[in-house]
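Letter by letter, the chains look like this.
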Amino acid sequence: MNRVQNTKTVLWTLLGLAAAVGVTRFVFGLGVTTNLTDATPWGVWIGFDVMAGVALAGGGFVMTAMFYIFKREQYHDLVKPAVLTAFLGYIAVVGGLLVDLGLPWNIWHMIIYWNPHSPLFEVGWCVMLYSTVLALEFSPVPLEEFSRYARIRSVLMKVRFPLVLVGIMLSTLHQSSLGSLFLIMPQKMHALWYSAIMPVQFFVSAVALGLMMVSLESLASHWLYRRKPDTKRVAGLAKAAIWVLAVYLIVKLGDIALAGEWGMMFDGSWESNLFVTELLLSTIIPIVLFSIPRIRLSAGGQWVGSFLVVFGMIFNRMNVGGLSMLSTTGDSYVPSWMEIAVSLGVVSAAALAFLFAVERFHIWDKRPRHPESDPHTEPVFDYSSRVWLGTPLVAARTKYSLAFILAFALGFAFMPGDEIQSKGVKMIPAQRALGGDTLFVDGNHNSFGTMFNHARHVDSLGSKESCVKCHHMNIPKDKQSACSDCHRNMYATTDVFRHDWHGDHDGANISCYVCHQPEMEKQKSSAMKCRDCHSDLYADSAADTLDTYLASSYVDAMHKQCMACHQLAGAKDSTKATLTLCVTCHTGAQPDYLQVKMIEVLSPHSGENVIMPDITLETAMKQEEQVGR
Amino acid sequence: MDAFLDFARGPLFRVSLAVMLLGLLRILALDIFGAVEAYRKAGDKTLPWRFIVRRTLMWLVPVNRVFTRRPAYSLFSILFHVGLLLVPIFLYAHVELWRGVIGFGWWTLPKEWADWLTISTIVFALALFVGRVGSVASRFISRKQDYLWPLVLVIPFVSGYICANLNVGPATYQISMLVHILSAEVIFILLPFTKLAHCILTPLSQVISNVAWKFPAGTDDDVCTTLNKKGAPV
């Protein structure tokens, strides 16, 4: 069993899965890949990739401070891996953020367009600057391999101490400002997490997490390369972590006690359970474990303790980033598998880069024997062709790339939708309007509807002859089809043509060439239109005739139908300006999602300013053209 | 049947497309990596670049060598490849499918051309198969997949022709369509892992064989001497 090779294969597989999601996300948009909504715009990607990612990278500034400022010489060997982890962590954070941002290509805006009042602005600048500092701090290590860059390296080594200072300062600033970010949402966040001193809590927990992340990473990489675990140094870190965690616990519980929220911790609600679990895992159990010298000095105890802190603190960041707000927003957000795949892929990429660096550069005082160049490895043969796959290095490369593309293909296959479409469209069947002379149009039966005076519209539009202006078509064998019979879905288009039924024995049983011309391609665009056979379905001189077999959504159909006339009338005759207002039809409570751009216009009648939808005669005419009336 | 068709058109198609494109890129990258590594290890690093480029271009233009040896076979092979590449990429119906998914399409073949090219591909594939079976020299150097490929490649062309042209009932249409899609997908998936990969590896063949001759140093001359072809270009 080759631990390194197997681990790398798994990491490449996860990366392949994430790459498939990444391609879909950037080509078809966020809606396809995430379960995020307007009520829950921050999900796993922010909670885990960004919030927890930044905190996990805290090891960089903690270890440089330990070594360069507090002169703890015994931790020298841990500094390089810690800086590398921090550097890769920040790159991963930026990668995760780019996937999450709706318009990622605008990320440079914060460099030019300053908004110094925003905590996000501070976070953005700090991440940007600190990533640069980390790159400069780490670059002497790879530069060591190339003698021609010796001069650059020596310059970097000279400015190392100022770089370390700047790095610690920037980390302190933005580890805490990630907490400040949430100060603006006291109404949204649960009281157990919300606190005026969140920035302090974030900073202290980042220090503890940094220490434990360095320990965990040391334990894991030693296990992976079959080296003797560095128990003595890790025990030292664990001892320091006890104090930091204790400070964190006092700050956290003290704040809750002062705010008088002590009782909320044990009231048995979902949040209180989350909070207690989080505190037990991240702080209390590790403090107890590490206080016992025997456990602190054993590799097993160190594994458990550091894992608990890391896991618990990630849990804390995810609670703050979203879980603590669910009861306020009432929005049940469960991340889609694609969101999780991207998060895992980002971590995998960072881990692969870490392993690459450890194998190629002088990160540890004794470089690990390259696991893929072991002279004793047996030759590997390709299963199908029985060909030797080459040296272990080449064979590994062959395997990793195969794992990557197979995972990519599998992930790509399970992307939602036949034609990849936004999951944001909810499939709500439309219902028939109720009433007689006055209709209540309420397609989704949520009792926010519109009273439609049918009789008055018949009168004002020119009695019976005007019917076809709205009732453009019937469904087969029917006379007075309701709008909802074809426009069957509230927000999605419906295919009203039953292709297979037309060819089926139990249906119309007609041959392909009845509709498709023999010399033409069998395409929708070249096939016969419905009206070529079903002329009886169309009202004489109907305004709309079906060309595409697709009925627009119920909401679109209703608005197109009404607004085309209303806007034209309102724009032509200023006494009828109110016809264009939303509230003219939607007299009840207005749902929040109705967003029409409103403008202030000087009314020629009253001489006062009135608020009107932004509709001019020109746009109204254009819409009239589109409707074809 | 509709569910099968939807599954074949949706997830299965995406799997096969991804495996094909990434798989081809993968073997291209692996081969280039291997060549670079071999070149680095070679004692003699001089490569006849002009010769390699000239020979590669010569191989890429098929008509150059057609009539030197086995003219009929070469001609059939070229005509077979013309239809094999043009019809799947430039058929109107296929371009329409792309337009529906990725939002843009490209130049398409007129339907009559597409039909004739389909028929020619089928005929020449069978001719190639017969040529391989009929010649002792060919049989001697043939593997199983060499016999199989002309026959497998014909399946999507035959089923596609049925769907596009014959006045068949809906049930037959759907079965042919399913066969058409599934066989094309099998070909897509196998493409990077079989000899069909030559579609992307051909430009590398010259440089790789030249690099391969290079190590250890002097191998090329030694081999030529052994083969009684001293001084011949390699």
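Okay, so let's go over this structure. Bear in mind that the values here come from a model prediction, so they are computed numbers and not experimental data.

1. Notes on the environment of A:I475
Turning to step 1, where the next piece is worked out: Within the element layout of this structure, A:I475 appears in the loop between α20 (467–470) and α21 (483–486).
Turning to step 2, where the next piece is worked out: Beyond its immediate stretch of four places on either side in the chain, A:I475 contacts A:S481, A:D485, A:C486 and A:L537.

2. Regarding the sheet that holds strand β3 (residues 450–453) of chain A
Sheet strands pair by backbone hydrogen bonding; their relative direction is either parallel or antiparallel.
All names here are of chain A.
Turning to step 1, where the next piece is worked out: With respect to topology, three strands assemble into an open sheet ordered β1-β2-β3, the strand pairing being antiparallel. Unpaired on one side and paired on the other, β1 (434–435) and β3 mark the two borders of the sheet.
Turning to step 2, where the next piece is worked out: Both β1 and strand β2 (residues 438–441) contribute to a ladder of two bridges, which runs antiparallel. Paired with L434 across the strands is F440, a residue of β2.
Turning to step 3, where the next piece is worked out: Of the strands in this sheet, β2 and β3 are in contact with helix α19 (residues 454–461), which crosses β3 at around 45°.

3. So, the packing of aromatic side chains
Residues and elements named next belong to chain A.
Turning to step 1, where the next piece is worked out: In total, this model carries 23 aromatic pairs over all chains according to the counting rule given.
Turning to step 2, where the next piece is worked out: Seen in terms of ring centroids, F61 and F203 are 6.0 Å apart; in terms of plane orientation they differ by 35°. Their pairing is tilted. Here F61, found in helix α4 (residues 59–69), pairs with F203, found in helix α11 (residues 198–224); they are 142 residues apart in sequence, far enough to count as distant.
Turning to step 3, where the next piece is worked out: Residue classification places F203 among the partly exposed residues on the basis of a relative accessible area of 24%.
Turning to step 4, where the next piece is worked out: Of the aromatic side chains, those joined through ring pairs into one cluster are W12, F404, F408 and F412.
Turning to step 5, where the next piece is worked out: In this structure, R317 packs its charged tip against the face of F202, placed 4.2 Å from the ring centre.
Turning to step 6, where the next piece is worked out: If you follow R498 out to its NZ or CZ, it ends over the ring of W501, 4.4 Å from the centre.

4. Description of unusual backbone geometry
Residues and elements named next belong to chain A.
Turning to step 1, where the next piece is worked out: Look at K71: it is not a glycine, yet its phi comes out positive at around 55°.
Turning to step 2, where the next piece is worked out: For K71, the position within the fold is in the loop between α4 and α5 (76–100).
Turning to step 3, where the next piece is worked out: The phi dihedral of R226 is positive, around 50°, even though this residue is not glycine.
Turning to step 4, where the next piece is worked out: You can see R226 is positioned in the loop between α11 and α12 (231–258).
Turning to step 5, where the next piece is worked out: R226 gets classed as exposed once you look at its relative accessible area, which sits at 52%.

5. Comments concerning the environment of A:G300
Residue and element names in this part refer to chain A.
Turning to step 1, where the next piece is worked out: Residue placement: G300 occurs in helix α15 (residues 299–321).
Turning to step 2, where the next piece is worked out: On the basis of relative accessibility, which here comes to 42%, the residue G300 falls in the partly exposed class.
Turning to step 3, where the next piece is worked out: Separated by 128 residues in the primary sequence, G300 and I428 place their C-alpha atoms 54 Å from one another.

6. What to know about the nonpolar core
Turning to step 1, where the next piece is worked out: Grouped together as the largest cluster of nonpolar side chains are 117 residues, with contacts concentrated most on A:F182, A:L211, A:M212, A:L237, A:V310 and A:I363.
Turning to step 2, where the next piece is worked out: Apart from residues lying up to four places away in sequence, A:V310 is in contact with A:L56, A:L209, A:M212, A:M213 and A:L216.

Calculation notes
- Residues numbered from 1 in each chain as written.
- Chains lettered and ligands numbered in written order.
- Predicted model: local features only at pLDDT ≥ 70, side-chain atom pairs only at ≥ 80, totals over all residues.
- Heavy atoms only, no water.
- Helix = DSSP H or I, 4+ residues; strand = E, 2+ residues; numbered from the N terminus.
- Contact = heavy atoms within 4.5 Å.
- Pairing = 2+ DSSP bridges.
- Axes fitted to C-alpha atoms, helices over the stretch in contact; angles between N-to-C directions.
- Phe/Tyr/Trp six-rings, centres within 6.5 Å; stacked < 30°, edge-to-face > 60°.
- Buried < 20%, exposed > 50% of the residue type's maximum accessible area, 1.4 Å probe, protein only.
- Lys NZ or Arg CZ within 6 Å of the ring centre and 35° of its normal.
- Core = buried A, V, L, I, M, F, W, Y, C linked by side-chain atoms within 4.5 Å.

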